[in-house]
Structure formats: C-alpha cells, structure tokens
Amino acid sequence: MATGRYVSDLDRGDVLGPVEYALSPFVVREYCHAVELHQEFFQGSVDQIAPPTMIHLEKLRLYRFACPAGTGPDARVHIEFDATFHEPVRVGERVRVVGRVSDRQAKRGREYMQLDIELRAVSDQRLLMTYRDTVILAYRQKQAAAEGSA
Amino acid sequence: MSAQQLQVGTELRSAPRQMTRERMRWYIDTHATVEHDDGRIHQGPPTIHDDDAYARSQGLPGIIADGMVSTNWILGLLLEAFGRDFAERGRLRTKYVKPIYEDQVVVSCARVQRVESTPDGESVFHLEVWCETESRDKLTVGEAVVHSRVR
C-alpha cells in the first residue's frame, strides 16, 4: 500500500477513500461559471444538478485524502477522461466516493497511472457515476524520453 | 440544432473560442475553490496551467490548458443539442492528444456515428467528439453516448 504520502507513490491496487460529502450549490455554480456551462439545470436554484465533468474533481478530493503530502516531485499531466453517468448527481445529496488504482506502468520512459472512481448516493448506495482517469505522473520524464528517442 | 434533427453523419461545431490565460486560470481556481467550499474564490499552489515559470521548470514552453477545459467545451456543445438528457445519463471519453497553449483558438466538434432506438422509447446517439484548431488540427479526441428521450 502506497497511500499516505505523495500521489507519485501510488501503485496498482491502492484504494483511495471512501470520502463522504454533499455538493453545495456554490461549488456547482462556480465550476459551471469557470467552464462556461450556463444551463439553468446547473446554475438555477430549482432541482440543480452537477455537470458530469465535475467527477474529475473527485480525483483531486481522493488525492488530498489519501496523499496529503501532495503531487510529488514533478507535475502530473492528465491525458484521458472517461466517465459514465448513470444518474444525475443532485446538489445537496450526500454522496460517497472511492477510488482504486487499476493500473500503473512504464511505457517508453513515461509512468502512466489509471484511477477508477465510483460515486454512489449514501442513502441507498445508488450508483451515480463511474470514472476512469489516466495521467502521466511526470511530464518532465515524457519530455526527456521524447528527446532521447528523437 | 436539436436532437430531433440529428442523423448519422450530422456534424455539430461550436463557435471558435480562444484559450486565454484567464480561461485557464478560471478552471484551475475551481480546484481550491471546490475544496474550501466557503463561498469565496481560492487559488492553489502554482501549476503548469497558471504559472509560466513552473511550467517551464517542468519542460513546457509555457502554460498549457487543463484538458478538462476542452472536455467541458465538448460537453457544452452536446448539451446545446441534447439538453438535460445528456447531463443526467450517458458517457463521455476525451483524450488529450496535443497540448492547448495560451491564445490558441479552439473549435469543439461532434459527429453522429450511430443512432439506436430502445424498446422504452429512447434514442441512443453514438458520437465522435473532438476539439480542433482553426486549421483542423485535432487537440482532443474522444466519443460520447447520449440517451435521448426525443425520437
């Protein structure tokens, strides 16, 4: 188990969370302002839901919980977002998020990591979203590898 | 264009948008703002998306946009066509094949590849999605599945 320190220490099989919380109207509106999603169902005050892309922030929530020392020595680069939205995530509903490192491997000198995330309603365990996040753990290594192969 | 008008081969294209430094920062600021959730805007430590010196220290020529900005622009394009249906159920996959640098102009696109009808009255749209430059150089690629209640 490699949780407890840096994100760059994480390894296949590590479980991050669970973490429970409720999305506030403020954070959903602020996120939508930031990415220019102006739909009433995201920014209105009646039956407000979260944009499904907000699942990406669950990764950061889990990193903070499981890796309090931070990213590690190098910047991480997000390379793939893959989300299935099963049901809407309603503002104010209490949810539970858990992540599992499903893969970590080196390819051509770059370290790739996949994190699988599940978001469920606390009240009845309803599955709301599943998400696979893929990152390169160090852009600098990628650059060096590219220069070395040129 | 609404979901009723979409057929196999229909292409949706957004207006061009410039990936300004401000737009990159808005997204990055959501990270700390959502974390604190206290009604105020917060900024986190420097990242490759908002700090040139830090980006250069990581081997980049300058700041690059977080890939989630282009993912959200694609989401916005699909919401214009499908409305709330796509915010509630479906799938979106995006892969960031090239970095988006400051002030690059980006167009979000989607093309209908397949449409299925389900017994319970839904239409399921399968779309190729991408973001490209004005010269049609692809920056982000992926796919979407949309469950629409409109036949």
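Draft legend 1. Focus on the overall build of chain A. Of regular secondary structure, chain A possesses four helices and five strands. Secondary structure of chain A in N-to-C order comes out as β-α-α-α-β-β-β-β-α. Principal-axis analysis of the C-alpha atoms places the extent of chain A at approximately 55 × 35 × 25 Å. Out of the 150 residues belonging to chain A, those deemed buried represent 35%. Within chain A, counting contacts between residues at least 6 apart in sequence, those at least 24 apart form 71% of the total.

Draft legend 2. Looking closely at the pairing of strand E5 (residues 127–136) of chain A. All names here are of chain A. When strand E2 (residues 77–85) meets E5, the two strands line up antiparallel, connected through eight bridges. Directly across from His78, in E5, lies its bridge partner Val135. With nine bridges connecting them, strand E4 (residues 110–121) and E5 associate as antiparallel partners. Looking at E5, one finds that Ile117 is bridged to Tyr131. The antiparallel hairpin formed by E4 and E5 contains five residues in its connecting segment, where Gln125 sits at a positive phi of about 65°.

Draft legend 3. Just the interface of chain A and chain B, in detail. The interface of chain A with chain B comprises 35 residues on the first partner and 35 residues on the second. Considering every element that reaches the side of chain A that touches chain B, the biggest residue donor is E2 of chain A, with eight residues. Its residues assigned to classes, the side of chain A that touches chain B shows 19 nonpolar, eight polar and eight charged. Pairing between E2 of chain A and strand E3 (residues 90–96) of chain B: six bridges, direction antiparallel.

Draft legend 4. Up close: the confidence of the model for chain B. Residue and element names in this part refer to chain B. In this model, chain B carries an average pLDDT of 94, and 99% of its residues clear a pLDDT of 70 or more. Between the elements of chain B, mean pLDDT differs from a low of 92, seen in helix H2 (residues 52–57), to a high of 98, seen in E3. Reported confidences for the modelled complex are a pTM of 0.92 and an ipTM of 0.94.

Draft legend 5. Expanded view of the environment of Leu37 of chain A. Residue and element names in this part refer to chain A. Within the fold, Leu37 resides in the loop between helix H1 (25–34) and helix H2 (40–43). Take Leu37: there are 21 C-beta atoms within 10 Å of it, and that puts it in the buried class. Taking C-alpha positions, Leu37 is 23 Å from Arg132, a pair spaced 95 residues apart along the chain.

Draft legend 6. Main features of the environment of Thr20 of chain B. Assignment of secondary structure puts Thr20 of chain B in the loop between strand E2 (17–18) and helix H1 (21–36). For the pair Thr20 of chain B and Arg89 of chain B, spaced 69 residues apart in the sequence, the C-alpha separation amounts to 31 Å.

Draft legend 7. View of unusual backbone geometry. The step from Gly17 of chain A to Pro18 of chain A runs through a cis peptide bond, and the omega angle for that step is 15°. By the element assignment, Pro18 of chain A lies in strand E1 (residues 15–22). Of note, the phi angle at Asp103 of chain B is positive, near 75°, even though the residue is not glycine. Within the secondary structure, Asp103 of chain B is located in the loop between E3 and strand E4 (105–117). The backbone phi angle of Arg136 of chain B is positive, close to 70°, even though this residue is not glycine. Following the sequence through the fold, Arg136 of chain B ends up in the loop between strand E5 (123–133) and strand E6 (138–148). Of the residues examined, Arg136 of chain B has 9 C-beta atoms within 10 Å and is grouped as exposed.

Calculation criteria
- Residues numbered from 1 in each chain as written.
- Chains lettered and ligands numbered in written order.
- Predicted model: local features only at pLDDT ≥ 70, side-chain atom pairs only at ≥ 80, totals over all residues.
- Helix = DSSP H or I, 4+ residues; strand = E, 2+ residues; numbered from the N terminus.
- Buried ≥ 20, exposed ≤ 12 C-beta atoms within 10 Å, placed from the backbone.
- Contact = placed C-beta atoms within 7 Å.
- Pairing = 2+ DSSP bridges.
- Nonpolar A, V, L, I, M, F, W, Y, C, P; charged D, E, K, R; others polar.
- pLDDT = per-residue confidence, 0-100.

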